[in-house]
Amino acid sequence: MISYAECSARERLALLLDPGSFHEWLPPSERVMSPHLAQLGVPSAFDDGVAVGRAMLDGREVFAAAQEGAFMGGGVGEVHGAKLVGLLQRALRDRPAAVLLLAESGGVRLHEANAGLIAVSEVMRALLDVRAAGIPVLVLIGGANGCFGGMGIVARCADYIVMSDVGRLAMSGPEVIEASHGVDEFDSRDRALVWRTTGGKHRWLIGDCDALVEDDVAAFRAAAIAAIGQSSPLTLAALEQEHALLTARLHALPADSIDSAGHDEAALLWSALGIADAQQVPELSVEAVRALRTI
């Protein structure tokens with residue numbers, strides 16, 4: 001077993017895709033870098049923190065992008081976002097079997113706030129165009145930095161999400177919530193709390209991801225291969241189904257059910273969704289948690 005979380009972006013690409021098949025566009029040798037970071041005295045990366053290109057997966061051509069969490073937490077800036085948009089736009093032209101986004105990002109780079117926000121919006125638009133063309137977009141989440149902010153929204157725009165039990169997915173990261181509303185609202189240092197509310201097991205149980213796997217590159221590869229043909233058409237019926245899921249989740253746990261006894265909100269929600277012995281979920285194996293989903 002090789003830990004997906006401990007791999008770099010390029011290690012994930014090398015191990016996940018067919019051996020030797022990844023051909024990178026705009027590699028580090030091209031030095032396509034952020035025009036903003038140097039002006040702010042911030043170290044830059046020759047690839048701006050993301051590798052994009054084409055490859056084969058189980059003998060089928062795919063386009064793939066992998067964010068490097070070790071560079072600015074995988075934050076999205078102007079060039080980083082433009083590389084993702086270019087990959088998606090090329091997919092519209094060349095029509096690969098699928099597009100894989102190996103997401104690891106804290107969201108938009110604060111150093112390039114406006115440019116990063118625009119870039120994320122362009123990524124979302126390009127991704128939805130690819131989906132509308134019938135090309136599946138698969139997002140794999142299992143990096144140490146999780147998938148937050150703008151990339152959290154991008155992930156939920158995709159056809160299919162694969163997460164490991166150590167992966168995290170949310171709009172606002174724990175530190176952002178704590179900074180905005182205080183430690184009483186959310187203690188970002190409480191790792192158990194963070195994983196109960198943003199982790200892979202939680203996202204699987206409430207229907208926010210489509211496959212839950214072990215922290216193993218081979219498990220991610222197998223899940224990606226299984227999902228290549230699973231395109232989800234952008235239809236009114238699909239949108240209504242998603243709204244129904246969100247409505248059911250909203251009403252499953254009324255606000256006044258949270259008492260002052262310190263009961264765990266995640267476990268209360270799991271119980272409300274019909275999961276027995278919800279308090280034991282964090283201790284269960286991935287296989288056991290997969291069997292518990294009710295929605």
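## Observations concerning the sheet that holds strand β5 (residues 137-141)
Consideration 1: Strand order in the open sheet made by the 7 strands is β1-β2-β3-β4-β5-β6-β7, with mixed pairing throughout. Edge strands, defined here as strands with exactly one partner in the open sheet, are β1 (23-25) and β7 (211-213). Neighbour-to-neighbour, the strand axes of this sheet turn through a mean angle of 20°, independent of strand direction.
Consideration 2: Note that strand β3 (residues 60-67) and strand β4 (residues 98-103) share 5 bridges and pair parallel. The partner of Ala 65 across the bridge, within β4, is Leu 101.
Consideration 3: Along the sheet, helix α1 (residues 9-16) contacts β1, β2 (50-57), β3, β4 and β5; its crossing angle with β3, the most-contacted strand, is approximately 160°.

## What to know about the pattern of salt bridges
Consideration 1: This structure, assessed with the given rule, holds 13 salt bridges.
Consideration 2: For the salt bridge of Arg 90 with Asp 94, the shortest nitrogen-to-oxygen distance reads 3.2 Å. In this pair, Arg 90 and Asp 94 are both assigned in helix α2 (residues 78-94), 4 residues apart and thus about one turn of the helix distant.
Consideration 3: The network of salt bridges with shared partners includes Arg 156, Arg 203, Asp 208 and Glu 242.

## Description of the side chain of Ser 3
Consideration 1: Looking at where Ser 3 falls in the secondary structure, it is placed in the segment before α1.
Consideration 2: Using a relative accessible area of 14% as the deciding quantity, one classes Ser 3 as buried.
Consideration 3: For Ser 3, the side chain forms a polar contact with the main-chain nitrogen of Ala 5, separated by 3.4 Å.
Consideration 4: A polar side-chain atom of Ser 3 sits 3.2 Å from the main-chain amide nitrogen of Glu 6.

## Some words on the state of the cysteines
Consideration 1: This structure, assessed with the given rule, holds 0 disulfides.
Consideration 2: A disulfide-free cysteine, Cys 7 has its sulfur positioned 18 Å from the sulfur of Cys 147, the nearest such atom.
Consideration 3: Note on Cys 7: relative accessible area 10%, which makes it buried.
Consideration 4: Note on Cys 147: relative accessible area 0%, which makes it buried.

## Here's the deal with unusual backbone geometry
Across residues other than glycine, the phi torsion is negative in most instances, and most of the peptide bonds are trans.
Consideration 1: Residues other than glycine seldom take positive phi values, yet Arg 31 does so here, at roughly 55°.
Consideration 2: Examined against the element boundaries, Arg 31 turns out to sit in the loop between β1 and β2.
Consideration 3: Positive phi, close to 55°, is recorded for Asp 48, a residue that is not glycine.
Consideration 4: Residue position: Asp 48 is located in the loop between β1 and β2.

## Points about the packing of α2 against helix α3 (residues 113-132)
Consideration 1: Between α2 and α3, whose axes approach to 9 Å, the crossing angle comes to 15°. The pairing of α2 with α3 is recorded here as roughly parallel in orientation. The way α2 lies across α3 gives a crossing that is left-handed. Note on element contacts: α3 touches α2 through Ala 115, Ala 119, Glu 122, Val 123, Ala 126, Leu 127, Asp 129 and Val 130, opposite Glu 78, Gly 81, Leu 84, Val 85, Leu 88, Ala 91 and Leu 92.

## Quick word on the nonpolar core
Consideration 1: If you look at the biggest cluster of nonpolar residues, it comprises 46 residues, and the most contacted ones within it are Val 99, Leu 101 and Ile 141.
Consideration 2: The greatest single-element share of this core, amounting to 7 residues, is contributed by α3.

## Here's the deal with the packing of aromatic side chains
Consideration 1: The tally for this structure, following the rule as stated, stands at 2 aromatic pairs.
Consideration 2: Ring centres of Tyr 4 and Phe 220 lie 4.0 Å apart, and the angle between their planes is 25°; on these two criteria the pair is classed as stacked. Taken together, the positions of Tyr 4 in the segment before α1 and Phe 220 in helix α8 (residues 217-227) put the pair 216 residues apart, joining distant regions of the chain. Exposure class is identical for Tyr 4 and Phe 220. Each is buried.
Consideration 3: Between Trp 25 and Phe 63, the aromatic rings sit 5.1 Å apart at their centres with planes inclined by 90°, giving edge-to-face as the arrangement. Residue Trp 25 is found in strand β1, and its partner Phe 63 is found in strand β3; the two are separated by 38 residues along the sequence.
Consideration 4: Sitting over the face of the ring of Tyr 4, Arg 12 holds its NZ or CZ atom 4.6 Å from the ring centroid.
Consideration 5: In this arrangement the basic side chain of Arg 31 is found over the ring face of Phe 46, its NZ or CZ atom lying 4.1 Å from the centre.

## Comments concerning α3
An α-helix turns once every 3.6 residues. As a result, residues three or four positions apart point the same way.
Consideration 1: With 20 residues, α3 ought to run about 28 Å at 1.5 Å a step, and its terminal C-alpha atoms sit 29 Å apart, in line with that.
Consideration 2: Listed as buried for α3 are Gly 116, Ala 119, Val 120, Val 123, Met 124, Ala 126, Leu 127, Val 130 and Arg 131.
Consideration 3: Those residues of α3 that are buried are in contact with α2, β4, β5 and α4 (149-156).
Consideration 4: In the segment just after α3, Gly 134 is the residue with positive phi, at about 85°.

Each value, and the rule that gives it
- Per chain, residue numbering runs from 1 following the sequence as it is written.
- Local features are withheld for residues below a pLDDT of 70 in this predicted model, meaning they are given only at 70 or higher, and side-chain atom pairs are given and counted only at 80 or more; totals for whole chains, interfaces and linings count all residues.
- By convention in this description, side-chain values take in all heavy atoms of the structure and omit both hydrogens and water.
- Strand pairing is assigned whenever DSSP detects at least two bridges linking the two strands.
- Helix and strand definitions follow DSSP, with helices as H or I runs of at least four residues and strands as E runs of at least two, each counted in order from the N terminus.
- Helix axes use the C-alpha atoms of the stretch in contact, all axes being lines fitted to C-alpha atoms, and the angles between their N-to-C directions lie in the range 0 to 180 degrees.
- Residue contacts are defined here by distance: any two heavy atoms, one from each residue, within 4.5 Å place the two residues in contact.
- Note on definitions: salt bridges are taken to be side-chain nitrogens of Lys or Arg within 4 Å of carboxyl oxygens of Asp or Glu.
- Relative accessible area decides the class of each residue, using a 1.4 Å probe on protein chains only: under 20% of the type maximum gives buried, over 50% gives exposed, and in between gives partly exposed.
- Throughout this description, a polar contact denotes any pair of N or O atoms lying within 3.5 Å of each other; where both atoms belong to protein, one of them has to be capable of donating a hydrogen while the other can accept it, and for residues adjacent in sequence the pair is counted only when both atoms sit in side chains.
- Disulfide assignment relies on a single distance test, namely cysteine sulfur atoms paired within 2.5 Å.
- Each angle gets one of four labels, with under 35 degrees taken as roughly parallel, over 145 as roughly antiparallel, 65 to 115 as roughly perpendicular, and the rest as oblique.
- Note on convention: near helix rotated counterclockwise from far helix by under a right angle means a left-handed crossing. Clockwise means right-handed.
- Buried residues of nine kinds, namely Ala, Val, Leu, Ile, Met, Phe, Trp, Tyr and Cys, make up a nonpolar core once their side-chain atoms join them within 4.5 Å.
- Stacked, tilted and edge-to-face are the three classes assigned to paired rings of Phe, Tyr and Trp, where Trp is represented by its six-membered ring and a pair needs centres within 6.5 Å; plane angles under 30 degrees give stacked, over 60 edge-to-face, the rest tilted.
- The rule for a charge over a ring is simple: NZ of Lys or CZ of Arg within 6 Å of the ring centre, and within 35 degrees of the ring normal.
- Expected helix span is taken as 1.5 Å per residue step, with the number of steps being one fewer than the number of residues.

That is the geometry; function is a separate question.
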